[in-house]
Amino acid sequence: MKKIASFLAVLLTFSLFSCGTDVPAETVSETESVTEENAVFQISMEDIVKYSLVRSEYASSGLISAASDLYKELRNISTDIRFKDDYFREDLPEYAMGEYEILVGATNRPESAAFIKTLRTEDYGYVLRDGKILIAGADDEYTARAVRKFLQDIVNGDTSDGVFYSEEDDTVELGSYPLDSLVIAGVPVQEFDIVYSGTGDCSERLCAERLSSAVADVTGYILTPVEDGGSDNPNKILVGMTGETPAYPNMADNESYIGVRGTTVQLGGTSATALLNAVGELTAMFEPTAKIISLDLAGDSIY
């Protein structure tokens, strides 16, 4: 009887293992996959000592002061943490771009530029990107605010778990703007480049800057005007007679023009004053009568 029971036990054990072989393997694989996908990148208190605090070589005095205050607190964690500006030379190791950096403001590192491009005029914060900590605002004033918040929440925060920074700590404080959204000819305004001619007098550049300022005032988005030929963006607002500007329609003296060709908006005029008037006609449409404005411009309009 014992032999039969023993045989049945062995048979049952064999059946369990043979029938279940594929299931545990598949389950483990799925668990590992989920864990890997949901992994949170962290910088430990041990690893932060490898980092350097980097500010722009051309930072304002206010930002330099804020960054210096941050560095003093970081040195309380480790005196191995360095502080430097963003000047670099690849042939000199002490001036090379580092793998471990805390970037403050508009440094010459590509990570800084990419983060700042996502910020509007009154936005500021800090994020972790590819192992680097980025602290910035749209300008030095708001970057200084970001530094102070980082100092308060992260450097002087709770590190009892041994973690200095986690990507879950990423924070961006958003400003308040008259418009939540401005769409021109089906394109969100932040996706445009403002292009002006680099030849002739400076009136086209000044008109481009006027337009850029008007966009920033109502949306917070910063569209830095670029000279003709400096943009490969298919979404453009052409100010004046650029190399991409089609011929103007027939206009009388001092008449202004707004035209649309696909995702290209053209502002023109038969004189500098008329061009400025064209900019004024367009920006007058930005009046925040609602939080979302969509300007369905089409064809040509002469003013």
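The structure presented is a predicted model; accordingly, all values stated were derived computationally and were not measured. By convention here, each chain's residues receive numbers from 1 onward along its written sequence. Per-residue local features of the predicted model are confined to residues with pLDDT of at least 70, and side-chain atom pairs are confined, for both listing and counting, to 80 or more; whole-chain, interface and lining totals are unaffected and use all residues. Side-chain metrics rest on all non-hydrogen atoms present in the structure, leaving aside hydrogens and water.

**Points about the overall build of the protein chain**
Each helix and strand in the protein chain was counted, giving seven helices and 17 strands. For the exposure calls, accessible area comes from a 1.4 Å probe over protein chains only, and a residue counts as buried if that area is under 20% of its type's maximum, exposed if over 50%, partly exposed in between. Taking all 303 residues of the protein chain together, 39% fall into the buried category. We call two residues in contact whenever any of their non-hydrogen atoms come within 4.5 Å of each other. Put simply, of all contacts in the protein chain between residues at least 6 apart along the chain, 65% involve residues at least 24 apart. The Shrake-Rupley method, run with a 1.4 Å probe, gives the accessible areas here. Residue values count only the displayed protein chains as cover. By element, 52% of the accessible surface of the protein chain is carried by carbon and sulfur atoms, the whole surface being about 16800 Å². Each helix is a run of DSSP H or I of at least 4 residues and each strand a run of E of at least 2, with the numbering of both proceeding from the N terminus.

**Observations regarding the sheet that holds strand 6 (residues 132–137)**
In short, DSSP must find at least two bridges between two strands for them to pair. Within the open sheet, the six strands sit side by side as 3-2-4-6-5-8. Their pairing is mixed. For this open sheet the edge positions go to strand 3 (82–85) and strand 8 (171–173), each flanked by a neighbour on one side alone. Strand-to-strand twist in this sheet, taken as the mean axis angle between neighbours without regard to direction, amounts to 20 degrees. In the sheet, strand 5 (residues 124–129) pairs with strand 8 via three bridges, with the strands oriented antiparallel. Counterpart to Tyr124 in the pairing with strand 8 is Glu173. This element, helix 3 (residues 61–77), spans strand 2 (52–55), strand 3, strand 4 (101–104) and strand 6 of the sheet and lies at about 175 degrees to strand 2. Together, strand 4, strand 5, strand 6 and strand 8 form the strand contacts of helix 5 (residues 140–155), whose direction differs from that of strand 5 by roughly 65 degrees. Whenever a helix is involved, its axis is fitted only over the stretch in contact; in every case the axis is a line through C-alpha atoms, and angles between N-to-C directions fall within 0 to 180 degrees.

**What about the confidence of the model for the protein chain?**
Across the chain, each position has a pLDDT score giving the predictor's confidence in that residue, from 0 to 100. Scored by pLDDT, the protein chain comes out at a mean of 86, with 86% of its residues at no less than 70. Across residues 1–35 the pLDDT falls below 50, and counting only partners more than four positions away or on other chains, this stretch makes zero contacts in the model.

**Some points on the pairing of strand 3**
Where strand 2 meets strand 3, four bridges bridge the pair, whose relative direction is parallel. Bridging from a neighbouring strand, Val54 pairs with Lys84 of strand 3. As a crossover connection, the stretch from strand 2 through helix 3 into strand 3 is right-handed. With the strands aimed away from the viewer, a crossover counts as right-handed if its path from the first strand over the helix to the second runs clockwise.

**A word on the pattern of salt bridges**
Salt-bridge detection follows one rule: a side-chain nitrogen of Lys or Arg within 4 Å of a carboxyl oxygen of Asp or Glu. For the structure on display, the rule yields 11 salt bridges. Between Lys291 and Asp180 there is a salt bridge, with the nearest N and O atoms lying 3.8 Å from each other. With Lys291 in the loop between helix 7 (272–284) and strand 16 (292–295) and Asp180 in the loop between strand 8 and strand 9 (181–184), the pair connects residues that are 111 residues apart, well separated along the chain. If you follow the salt bridges from partner to partner, you end up with Glu101, Arg109, Glu111 and Lys132 in one network.

**Description of helix 7**
Helix span, expected: 1.5 Å multiplied by one less than the number of residues in the helix. Here helix 7 contains 13 residues, and its C-alpha end-to-end distance of 18 Å stays within 8% of the 18 Å for a straight helix at 1.5 Å per residue. Here the buried face of helix 7 lies against helix 6 (203–219), strand 13 (236–239), strand 14 (256–261), strand 15 (264–269) and strand 16.

**A look at the packing of aromatic side chains**
Pairing of aromatic rings covers Phe, Tyr and Trp, the last through its six-membered ring, and needs centres within 6.5 Å; plane angles under 30 degrees mean stacked, over 60 mean edge-to-face, and all others mean tilted. Inspection of every chain in the model, using the stated rule, returns seven aromatic pairs. Between Tyr126 and Phe150, the ring centres sit 5.3 Å apart and the planes meet at 75 degrees, which makes this aromatic pair edge-to-face. Taken as a pair, Tyr126 in strand 5 and Phe150 in helix 5 lie far apart in primary sequence, 24 residues in all. In this pair, the class of Tyr126 matches that of Phe150, namely buried. Over the ring of Tyr221 we find Arg120, and its NZ or CZ is 4.8 Å from the ring centre. Only Lys NZ and Arg CZ are tested; either one counts as a charge over a ring when it is within 6 Å of the ring centre and within 35 degrees of the ring normal.

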